[in-house]
Amino acid sequence: MISTLILFLTAICAAAQPAGDLGRPEWTRPFPPFRIVGNVYYVGTYDLASYLIVTPQGDILINTGLAGSAAQIKANIESLSFKISDVKILTATHAHWDHVAAMAEMKRLTGARLIATAVEAPLLESGGKTDFRFGKDRSAWFEAVHVDEKRDDGQTIALGDTVLTVHLHPGHTRGAASFTLEVAEAGRTWHVLIANMPSINPGVTLVKNPKYPEIAQDYARTFRDQKSMSPEIWLASHAAQYGLHTKYSPGDPYNPVRFVDPAGFHTALDRLEKLYLDQLSSERKLP
Ligand SMILES: [Zn+2]
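Residues numbered from 1 in each chain as written. Predicted model: local features only at pLDDT ≥ 70, side-chain atom pairs only at ≥ 80, totals over all residues. Heavy atoms only, no water.

A. The nonpolar core, seen in detail. Among the nonpolar cores identified, the biggest contains 51 residues, and Tyr42 and Leu235 are the most heavily contacted of them. Of the residues forming this core, the biggest block, six residues, is contributed by helix H9 (residues 262-285). In contact with Leu235, not counting residues within four places along its chain, are Ile36, Val40, Tyr51, Val192, Leu193, Ile194, Ala195, Tyr242 and Phe259. Of all hydrophobic cores here, the second largest spans 35 residues; its members include Val43, Leu52, Ala70 and Val87. (Core = buried A, V, L, I, M, F, W, Y, C linked by side-chain atoms within 4.5 Å. Buried < 20%, exposed > 50% of the residue type's maximum accessible area, 1.4 Å probe, protein only. Helix = DSSP H or I, 4+ residues; strand = E, 2+ residues; numbered from the N terminus. Contact = heavy atoms within 4.5 Å.)

Okay, here's the thing in structure tokens:
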């Protein structure tokens, strides 16, 4: 009973918070860009991860952060001596404002085409207004952006010598996606996962959710799929989700081994799955 009450109060408090970047200094704090593994670079802010994947035929940018993050990401790309005009493909792990609010601006800066899962495309094109949780919250809206190409689960995004496999991982949003890729370097191949972790936002209900009736099954499907994965190196939408700042500090020499953490991925998933199962069982006890 007490835990249900705490859960309820937590949900109320969180729902009352603005959805923007207020109170989240780590979302805007600059962070020096660096090479993670092979052709995969970190170009995001301290916590909002953006990944640049460099190929001989142009580059792929995953996630763009908040509306004000475009300039930071552009500066990060340029400080690595890459060109913003070489970005040919834009995509995202999910269409919440903290990962895609700068997508429209980034599209103007690069002229790149935006690729999203077919399920997530309407959320990007509505500027966040069709989101099942935050759609009514103006501070969660962002500049609507046209999706040029759509992908279904298991399809790929290819550029140059790089192939990203798109994995539909719904729940956090209906069309959230993770990406897997093989990164070849110096005679070896790294299995890399850029995951959209199945966390549950405050205020989201899993049972009898009129805006997203199949949400509980979608989360279950995502947990099942992610638990079947065994990446050597895993990355995620937020730096904190995969402990970037414990694995790497600015100035550290290039060494992909610091990001090899297959057990950490499953520990993080198990923690999130327990939160999901606990919330599901407490909601099912409610009248
Ligand atoms: Zn989100």
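More follows now that the structure is in view.
B. Representation of the packing of aromatic side chains within the structure. If you walk through the whole model with that rule in mind, you get 16 aromatic pairs. An angle of 80° between the planes, with centres 5.8 Å apart, marks the rings of Tyr42 and Tyr51 as edge-to-face. As far as the burial class goes, Tyr42 and Tyr51 line up, both buried. Taking 5.3 Å as the distance between ring centres and 55° as the angle between the ring planes, the aromatic pair formed by Trp234 and Phe265 counts as tilted. In this pair, Trp234 sits in strand S12 (residues 233-236) while Phe265 sits in helix H9, placing the two residues 31 residues apart along the sequence. With respect to class, Trp234 is no different from Phe265; both count as buried. Linked through ring pairs, Phe31, Phe34, Tyr42, Tyr46, Tyr51, Tyr248 and Phe259 together constitute an aromatic cluster. The aromatic ring of Tyr46 is capped on one face by Arg29, whose charged end is 4.5 Å from the ring centroid. Between Arg174 and the ring centre of Tyr212, over which it is positioned, the NZ or CZ distance is 4.3 Å. (Phe/Tyr/Trp six-rings, centres within 6.5 Å; stacked < 30°, edge-to-face > 60°. Lys NZ or Arg CZ within 6 Å of the ring centre and 35° of its normal.)

C. Summary view of the environment of Ile200. By the element assignment, Ile200 lies in the loop between strand S11 (188-195) and helix H7 (215-227). Along the primary structure Ile200 and Asp278 are separated by 78 residues, whereas in three dimensions their C-alpha atoms are 12 Å apart.

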